[in-house]
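What the coordinates show
Residue strings, one per chain:
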Amino acid sequence: MLDVALKMINTISDNGYEAYIVGGFVRDYLMGKKSNDVDITTNAKPKELLDIFPTAVIDNADYGSVTVYFKDIRFEITTYRVEENYSDNRHPDTIIYVDNLDEDLKRRDFTINTICIDKFGQVCDKLQGKEDIGKRLIKTVDDPFVSFAHDALRILRAIRFATTLDFELDFLVREAIKENRYLLEELSFNRKKEELNKIFGSTNLIKGVTLIKDLELDSILKLDKIDKVKKCSQVIGVWTILEVDNIYPFTRNELKLMKDIRRALKENPLKVETLYKYDLYVCSVAAELLGISKKDIANVYSKMSIHKRGDIVIDTHDIIDYLKIEEGPIISELWDKLERAILNNEVTNDKKQLLSLVEKIYTKLSN
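Residues numbered from 1 in each chain as written. Predicted model: local features only at pLDDT ≥ 70, side-chain atom pairs only at ≥ 80, totals over all residues. Heavy atoms only, no water.

1. What about the overall build of the protein chain?
In plain terms, the rule: Working definition: helices are DSSP H or I runs of at least four residues, strands are E runs of at least two. Numbering for both runs from the N terminus. Using C-alpha atoms as the atom set, the radius of gyration is obtained and then compared with a globule rule of 2.2 Å times the number of residues to the power 0.38. Each residue is placed in one exposure class: buried if its accessible area under a 1.4 Å probe, protein chains only, is under 20% of its type's maximum, exposed if it is over 50%, and partly exposed if it falls in between. In what follows, residue pairs with any heavy atoms lying within 4.5 Å of each other are defined as contacts. In these tables, accessible area is a Shrake-Rupley quantity obtained with a 1.4 Å probe, and a residue counts as shielded only by the protein chains included in the view. The charged-residue count follows a simple rule in which Lys and Arg add positive charge and Asp and Glu add negative charge, with His and chain termini not counted at all. In plain terms, the charge of a residue is placed at NZ if it is Lys, CZ if Arg, CG if Asp and CD if Glu.
A count of helical and extended segments in the protein chain gives 17 helices and 11 strands. Compactness check: the protein chain gives a C-alpha radius of gyration of 28 Å against a globular reference of 21 Å for 367 residues, more than 25% above the reference. Along the longest, intermediate and shortest principal axes, the C-alpha atoms of the protein chain span 85 × 45 × 35 Å. With 367 residues in all, the protein chain has 46% of them scored as buried. In the protein chain, of all internal contacts separated by at least 6 residues, the share reaching a separation of at least 24 is 62%. When the accessible surface of the protein chain is summed, it comes to about 18,800 Å², and 47% of that surface belongs to carbon and sulfur atoms. Side-chain charges in the protein chain split into 56 positive and 63 negative, and the spacing between the mean points of these groups amounts to 5 Å.

Encoded structure:
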């Protein structure tokens, strides 16, 4: 990845401009972690970058951001700039392109995200980001009280980095978060959810939850049930516990999953009927929330004779033809009792045996 990124900045350099790899990729590289996206900063302006990379896409002309895909790797390239006035506590009102890397780095969020790699592969650390990585410390580039007032999302980003990297928040950063936490109310729930997903999806989830509570962000974030959160390997499991379906934006699939997980929790995810009804994934999440091992769930699931209706060797047409009846409400009752019989090993998944049982069930239901 680094070799490809170096080719990118050397291509920009060969065209007469400065360019550096910067941000999360460099931080993760120094920490021995893999990173997928690479950010590049340069004094080349967007139109000049389009001359160098004709297939580039300008994400936001006003922001000076260009995206280039090279060898299936996404590179986001931004022009050196300074930012002025944040009337919405999120986006700068004015962006001014500059020709100086130092000025560009001063606008960034945290020192650990300001470390650069130049075209020779040498690390360039102007704001002591490596030192803070060594201390495992989250510090803002600017005064944290000013930094969070400029961009309130940095409050959640600070907690996210402290959680995912297992770093500590600098004392002033903690104090500034407490003082500026009200600014989170102005952020869209979509943006808040994006950051919370990364916190809740971390293996260090409990640290993130503890920070949210300790810094008194739970009420502002509408996470009234955060005390009930327990370690869960699936983000959807955490959201299920929080019960904020009508507050945060969820997809239809996410809403259905949460609804099914809650039902599985009540119906016992270890029961074959529950596993059959809601599938292995839903029941595995429910089981984890109940402290049941995935191994136990997988063991029960593997022994089930059927996992979905499509596994049954007869269908509705077979039932109708065999009983010589018309389709109606009774068919659903037949299927329900038939599926339960198969799941409880009262009958084998054999066409002759199933149709014989269907006839007996139908006779009872008809009388």
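2. With respect to the packing of aromatic side chains
We apply this condition: Stacked, tilted and edge-to-face pairs are distinguished by plane angle, under 30 degrees for stacked and over 60 for edge-to-face with tilted covering the rest, among Phe, Tyr and Trp rings (Trp via its six-membered ring) whose centres lie within 6.5 Å. The rule for a charge over a ring is simple: NZ of Lys or CZ of Arg within 6 Å of the ring centre, and within 35 degrees of the ring normal.
Across all of its chains, the model carries 6 aromatic pairs by this definition. Aromatic pair F200 and W239: ring centres 5.1 Å apart, planes at 80°, arrangement edge-to-face. Within this pair, whereas F200 is found in helix α9 (residues 189-200), its partner W239 is found in helix α11 (residues 235-242), the two being separated by 39 residues in sequence. Summarising the aromatic geometry, the rings of W239 and F250 are spaced 5.4 Å apart at their centres and angled 80° between planes, so their arrangement reads as edge-to-face. Of this pair, W239 sits in helix α11 while F250 sits in the loop between α11 and α12 (252-267), and the two are 11 residues apart along the sequence. Residue W239 is classed as buried on the basis of its relative accessible area of 1%. Looking at F250, the relative accessible area reads 13%, which means it is buried. Among the aromatic residues, those joined into a cluster by ring pairs are F189, F200, W239, Y248 and F250. Above the ring of F161, the side-chain terminus of R160 is found at 4.5 Å from the ring centroid. Here K192 stacks its cationic end above the ring of F189, 4.1 Å away from the centre of that ring.

3. Considerations on the nonpolar core
Our working rule: Side-chain atoms within 4.5 Å link the members of a nonpolar core, which is a set of buried Ala, Val, Leu, Ile, Met, Phe, Trp, Tyr and Cys residues.
Formed by 107 residues in total, the largest nonpolar core has its most connected members in I21, F200, L223 and W239. Here this core gets 10 residues from one element, more than from any other, and that element is helix α13 (residues 272-289). Look past the residues within four positions of F200 in its chain and what remains in contact with it is L205, V209, I212, L223, C232, V235, V238, W239 and L242.

4. Quick notes on the state of the cysteines
Short version of the rule: Disulfides are defined as cysteine sulfur pairs within 2.5 Å.
Applying the stated criterion across every chain yields a total of 0 disulfides. Residue C116 stays outside any disulfide, its sulfur separated by 5.3 Å from that of C124, the closest cysteine.

5. Describing α9
Test applied: Here the expected span of a helix is defined as 1.5 Å times the quantity of residues minus one.
Here α9 contains 12 residues, and its C-alpha end-to-end distance of 15 Å stays within 8% of the 16 Å for a straight helix at 1.5 Å per residue. Buried residues of α9: K192, K193, E195, L196, I199 and F200, and no others. Contacts made by the buried residues of α9 are with α7 (153-164), α10 (205-214), α11 and α12.

6. Some words on α12
Here α12 is 16 residues long and its end C-alpha atoms lie 22 Å apart, about the 22 Å a rise of 1.5 Å per residue gives. Of all the residues in α12, the buried ones are L257, M258, D260, I261 and A264. Elements in contact with the buried residues of α12: α11 and α13. Directly beyond the C-terminal end of α12, a positive phi value near 75° is found at N268.

7. Some points on a nonpolar patch on the surface
Just so we agree on the cut-off: Here, patches come from residues exposed beyond 30% relative accessible area and free of salt bridges, joined within 9 Å for like charges and within 5 Å for nonpolar side chains (Val, Leu, Ile, Met, Phe, Trp, Tyr). Whenever Lys or Arg places a side-chain nitrogen within 4 Å of a carboxyl oxygen from Asp or Glu, that contact is recorded as a salt bridge.
A surface patch of nonpolar side chains, amounting to about 230 Å² of accessible area, comprises Y29, L30 and V123. Considering the arrangement of structural elements, one finds L30 in helix α2 (residues 24-30). Judged by its relative accessible area of 33%, L30 falls in the partly exposed class.

8. Describing the packing of α13 against helix α16 (residues 329-343)
A pair of packed helices is captured by two measures, namely the crossing angle of their axes and the spacing between those axes. Going by this rule: Axis lines are fitted through C-alpha atoms, for helices just across the contact stretch, and the angle between N-to-C directions can take any value from 0 to 180 degrees. The cut-offs work like this: below 35 degrees is roughly parallel, past 145 is roughly antiparallel, 65 to 115 is roughly perpendicular, and the gaps in between are oblique. In this scheme the crossing of two helices becomes right-handed for a clockwise turn of the near helix relative to the far one and left-handed for an anticlockwise turn of less than a right angle.
Here α13 crosses α16 at 120°, and the two axes come no closer than 10 Å. The angle between α13 and α16 places the two elements in the oblique class. In this structure, α13 meets α16 at a crossing whose hand is right-handed. Where α13 approaches α16, its residues V272, E273 and Y276 are matched on the opposing element by E339, R340 and L343.

9. Topic: the side chain of N180
Summarising the element assignment, N180 is placed in helix α8 (residues 171-180). For N180, a relative accessible area of 6% corresponds to the buried category. Sequence-distant contacts of N180, that is, excluding residues within four places in its chain, are made with F145, F148, A149 and I155.

10. Structural notes on the environment of L217
Position of L217 among the secondary structure elements: in the loop between α10 and α11. Judged by its relative accessible area of 0%, L217 falls in the buried class. Between the alpha carbons of L217 and R181 there is a distance of 6.6 Å; along the sequence they are 36 residues apart.

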